Amino acid sequence: MKSSARNQFTGKVSSVIPGPVNAEVELTLASGDRIVSVVTMGSAKDLGLAVGTEATALIKAPWVILMTDESGLKTSARNHLRGAVSRLVKGAVNTEVTMQTAGGLTVNAIITNESADSLGLDIGTAVSAIIKASHVILATQA
Amino acid sequence: MKSSARNQFTGKVSSVIPGPVNAEVELTLASGDRIVSVVTMGSAKDLGLAVGTEATALIKAPWVILMTDESGLKTSARNHLRGAVSRLVKGAVNTEVTMQTAGGLTVNAIITNESADSLGLDIGTAVSAIIKASHVILATQA
Amino acid sequence: MKSSARNQFTGKVSSVIPGPVNAEVELTLASGDRIVSVVTMGSAKDLGLAVGTEATALIKAPWVILMTDESGLKTSARNHLRGAVSRLVKGAVNTEVTMQTAGGLTVNAIITNESADSLGLDIGTAVSAIIKASHVILATQA
């Protein structure tokens, strides 16, 4: 598989909560991090997603929100990955930010230059990557 | 809270429709505007979302569609904010568009240059920001 | 309707699966391609979505993942459009990729330059556009 999704995290399905239209699927990565995805039940059945299935979460860089101060905050986004900025690439409108988590994951985000400035991002800045479960695509080997 | 989401709207929860996997949550802002979000039930419970809870909607600029002519059109996107363009920043591929609503909200969108040209966007152009409920993240104070 | 969504596909609703919060709606295009969308039930009712209704799917370019090798892969994304790259516009951070499908659809994606390089994209490269159902907005004439 070669995909343009800058974030690809492989792990094993650790829980599936089915619903009439959607299912909530949790993936546990080798790093111990957990990624929650909401997929349609049609997809969950088609992929044969069950506890133990190996799957890869695909998340594009523009779907990731970065936070520098989560103090006293809770969000509805099911995925929070904490780490430090390791790379910044600035364009005319957008900045690409790469962060490394303690568990060894590399997370890429595209944010506006104004946000990068406002957050004061630099190499080493502590940041959290916030990803909504409905933004996560799951892939399995057929 | 400091986040890279260019759109952050604070208000009070005015309705919660629970489901087996997801909940639909409506936020009413001080401006009178309403923002609808679909979050997982896990998040709704974890955040204690109920009528009256103060919460902030986080929406990244690339998740916003702009329309210049909504005449005779209905969309499945639950969030439509009407206003006028107040700022345009053009890059090589993307343009960042800022609009102000009558109620005083500032909404930021990232669209392609081709779309900006095709819509004929200029300072003062009347536009609608269209945002899908499943794209809205909610945050509360812990 | 004039919108900044670079991908607008018009067709007829071919199936609706209702749920307590969300509905899964399938659109069949004139090209024979099918687009699956997850919308809130509130929207499905408001738009009067039923088998036979004409509707347009709106999908922004940053919501599209491109894959060059799908061999042995299944994804939870309900929408897979296969085609070939017809145009590349490179910026400082992002590349805009246009592809044409065999059925005659034009699909636009925004991906990072690093992804464009890593996938080895050039005019004529075979690619698949992967779009999650929860990213698709539906529009109808009022």
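Not measured: the values here are computed from a predicted model.

(A) Seen up close, the relation of the copies chain C and chain A. With an RMSD of 0.0 Å, the fit of chain C onto chain A corresponds to turning through 120° and sliding 0.0 Å along the axis. Here the transformation between the copies is reduced to the relation of a three-fold axis.

(B) Expanded view of the interface of chain C and chain A. Opposite the 39 residues of chain C that make contact, chain A presents 38 residues. The largest per-residue losses of area from chain C upon contact with chain A belong to Ile65, Lys74 and Ser76 of chain C, which jointly make up 21% of the total buried on that side. The tally of links between chain C and chain A comes to three salt bridges. Summed over the shared surface of chain C and chain A, the number is 20 residue pairs in polar contact (both at pLDDT 80 or more).

(C) Molecular detail of the pairing of strand S4 (residues 34–40) of chain B. Residue and element names in this part refer to chain B. The buried fraction of S4 amounts to six of the seven residues, a majority that puts the element mostly inside the structure. Summarising the sheet, strand S3 (residues 22–29) and S4 pair through seven bridges and their orientation is antiparallel. Paired with Glu24 across the strands is Val38, a residue of S4. If you look at the hairpin formed by S3 and S4, you'll find four residues sitting between the two strands, and Gly32 has a positive phi there, around 95°.

(D) Focus on the side chain of Thr75 of chain C. Inspection of the secondary structure assignment puts Thr75 of chain C in strand S7 (residues 73–75). A distance of 2.9 Å separates a polar atom in the side chain of Thr75 of chain C from a polar atom in the side chain of His80 of chain C. If we skip the residues at most four places from it in the chain, Thr75 of chain C touches Leu47, Ile137, Leu138 and Ala139 of chain A together with Met67, His80 and Ile130 of chain C.

Thresholds, definitions, all that
Residues numbered from 1 in each chain as written. Chains lettered and ligands numbered in written order. Predicted model: local features only at pLDDT ≥ 70, side-chain atom pairs only at ≥ 80, totals over all residues. Heavy atoms only, no water. Least-squares fit on C-alpha atoms with pLDDT ≥ 70 in both. Contact = heavy atoms within 4.5 Å. Buried area = accessible area lost by both parts, 1.4 Å probe. Salt bridge = Lys/Arg side-chain N within 4 Å of Asp/Glu carboxyl O. Polar contact = N/O pair within 3.5 Å; in protein donor to acceptor, adjacent residues only side chain to side chain. Buried < 20%, exposed > 50% of the residue type's maximum accessible area, 1.4 Å probe, protein only. Helix = DSSP H or I, 4+ residues; strand = E, 2+ residues; numbered from the N terminus. Pairing = 2+ DSSP bridges.

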